[in-house]
Amino acid sequence: MRLKPITVARLFDIPIRLSYGWFPIFILHLFAMSALYLPRHLHHLRPVEYWILGSAATILLFLSVLGHEIGHALVARAEGIRIRDITLHLFGGLARFERDVTSPGAELRIAIAGPGTSFLYAVLFFVLNQMSIYVFDSRPGALITNYLALSNLILALFNLLPGFPLDGGRVFRALMWHLRGDPWEASRWAVRSGQAIAYTLLVLGIYWCLRAETGADIFAGSWAILIGIFLKDAAAQSLSHLRAMQSLQQLTVADVMTEPPTRLRPDLTVQEVVDHILPHCRSLTFPVSPDGRLHGILALKRLESISRDRWPTLKVWDVMQPVNPRLFLFPHTSLVTAHLTLSENGIGSAAVLDDQGFIIGYLTLGDIRKVMR
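Please read these numbers as outputs of a predicted model, since none were measured by experiment. (Residues numbered from 1 in each chain as written. Predicted model: local features only at pLDDT ≥ 70, side-chain atom pairs only at ≥ 80, totals over all residues. Heavy atoms only, no water.)

Asker: Could you give me a rundown of the overall build of the protein chain, with the residues and numbers involved?
Answerer: A tally of helices and strands in the protein chain yields 12 helices and 10 strands. Principal axes of the C-alpha set define a box for the protein chain whose edges measure 80 × 50 × 40 Å. Within the protein chain, the proportion of its 373 residues that are buried is 43%. Looking at the protein chain alone, contacts between residues at least 24 apart form 62% of all its contacts between residues at least 6 apart. Carbon and sulfur atoms make up 62% of the accessible area of the protein chain, which totals about 20200 Å². (Helix = DSSP H or I, 4+ residues; strand = E, 2+ residues; numbered from the N terminus. Buried < 20%, exposed > 50% of the residue type's maximum accessible area, 1.4 Å probe, protein only. Contact = heavy atoms within 4.5 Å. Areas by Shrake-Rupley, 256 points an atom, 1.4 Å probe, with all protein chains shown as cover.)

In structure tokens, the structure reads:
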């Protein structure tokens, strides 16, 4: 069973989550800083002081990683893309978006925002490092800010390597998309480049481990192998997603749509829907259609925020989502466009209408995912 990440906060109305793989990395970094790195470079401090300084450095490092992903997310939001969440995991962080970008310019701006943020952090910590040396004459402050400046610089430069799923791979994809005009071909090039980077890291990691002369060499080689495996798997997933999206491009809504669930009358009470409709129809959404035309869609999740005491008197028309262009599709619409519409409309469902506006089918994100498998 795959454990879901833990939600720990919200920043800019974006859920911030921690995967379970993040915790051992946090503890390992804390131990390395507090028990190894700091005692080697700072002498005559009490053990508790090493752990306090190590905790501060560790927290600031992971806040820098979070800031990197926040950079992506805020630029994506400015491009009109909704952000699902940001998750910190074993090898860094991931900002998940509701949909893919629709232009190479948007892809470039979103991709470059993360490394750009890390470069800004590197400059900030470099300035603090210089102040620690020349203004405050603080050896601990200088040591930690130097470490954080270098870490952010390395994070930015590593992410600019031109292969998926790294930010540089998205920059590469945006440039290829702009030059060739084909997002699918650009994605294939970026994924292949990511696979090449992954295998390069694997080979280098194995070489470093075999030729290791110190424990540090073994650690660096092992870390390169782990990152290579992660990038290889992520590139494979990207390639699988790319092929799935290409398969959608060849299909239309008519190829996948199903019979609509029970059509509700707008004057039904919520209690009547719960008592008489739900036991016989397993659906999370229902079209509201008293005359064969779409008047809206009722999403059951809407009922979660409504007290049950109100169900006997509350009508369907009071809680349904009124009809708008994001709630219906046409049979000839491509599944790529349909997937985008359902990802953005907030309920993951839409009615399918004929040329006269009558309901002839229904489509959900679940129906599309079956085709993508």
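This is not the end of the story, as more comes after the structure.
Asker: Kindly report on the packing of helix H3 (residues 104–134) against helix H5 (residues 167–180), identifying the contributing residues and their values.
Answerer: Between H3 and H5, whose axes approach to 8 Å, the crossing angle comes to 160 degrees. Overall, the two elements H3 and H5 adopt an arrangement that is roughly antiparallel. Taken as a pair, H3 and H5 cross one another with a handedness that is left-handed. In this structure, H3 uses Pro104, Glu107, Leu108, Ala111, Ile112, Gly114 and Pro115 to contact H5, whose residues at the interface are Asp167, Arg170, Val171, Arg173, Ala174, Trp177 and His178. Partitioning the contact of H3 with H5 into residue classes produces eight nonpolar, two polar and four charged. (Axes fitted to C-alpha atoms, helices over the stretch in contact; angles between N-to-C directions. Parallel < 35°, antiparallel > 145°, perpendicular 65-115°, else oblique. Left-handed = near helix turned anticlockwise from the far one by under 90°. Nonpolar A, V, L, I, M, F, W, Y, C, P; charged D, E, K, R; others polar.)

Asker: A description of the sheet that holds strand S10 (residues 359–364) should follow, citing residues and the corresponding values.
Answerer: The sheet built from three strands is open, its strands ordered S8-S9-S10 with mixed pairing. A strand with exactly one partner marks an edge of an open sheet, and here the two such strands are strand S8 (328–329) and S10. Bridging between strand S9 (residues 349–353) and S10 involves five bridges; their strand directions are antiparallel. Pairing of Ala350 across the sheet is with Leu363, part of S10. (Pairing = 2+ DSSP bridges.)

Asker: Describe the side chain of Thr285, naming the residues involved and giving the relevant values.
Answerer: Relative to the elements of secondary structure, Thr285 occurs in strand S5 (residues 285–288). A distance of 2.8 Å separates polar atoms of two side chains, one belonging to Thr285 and the other to Tyr362. Sequence-distant contacts of Thr285, that is, excluding residues within four places in its chain, are made with Pro261, Ile297, Leu298, Ala299, Ile347, Ser349 and Tyr362. (Polar contact = N/O pair within 3.5 Å; in protein donor to acceptor, adjacent residues only side chain to side chain.)

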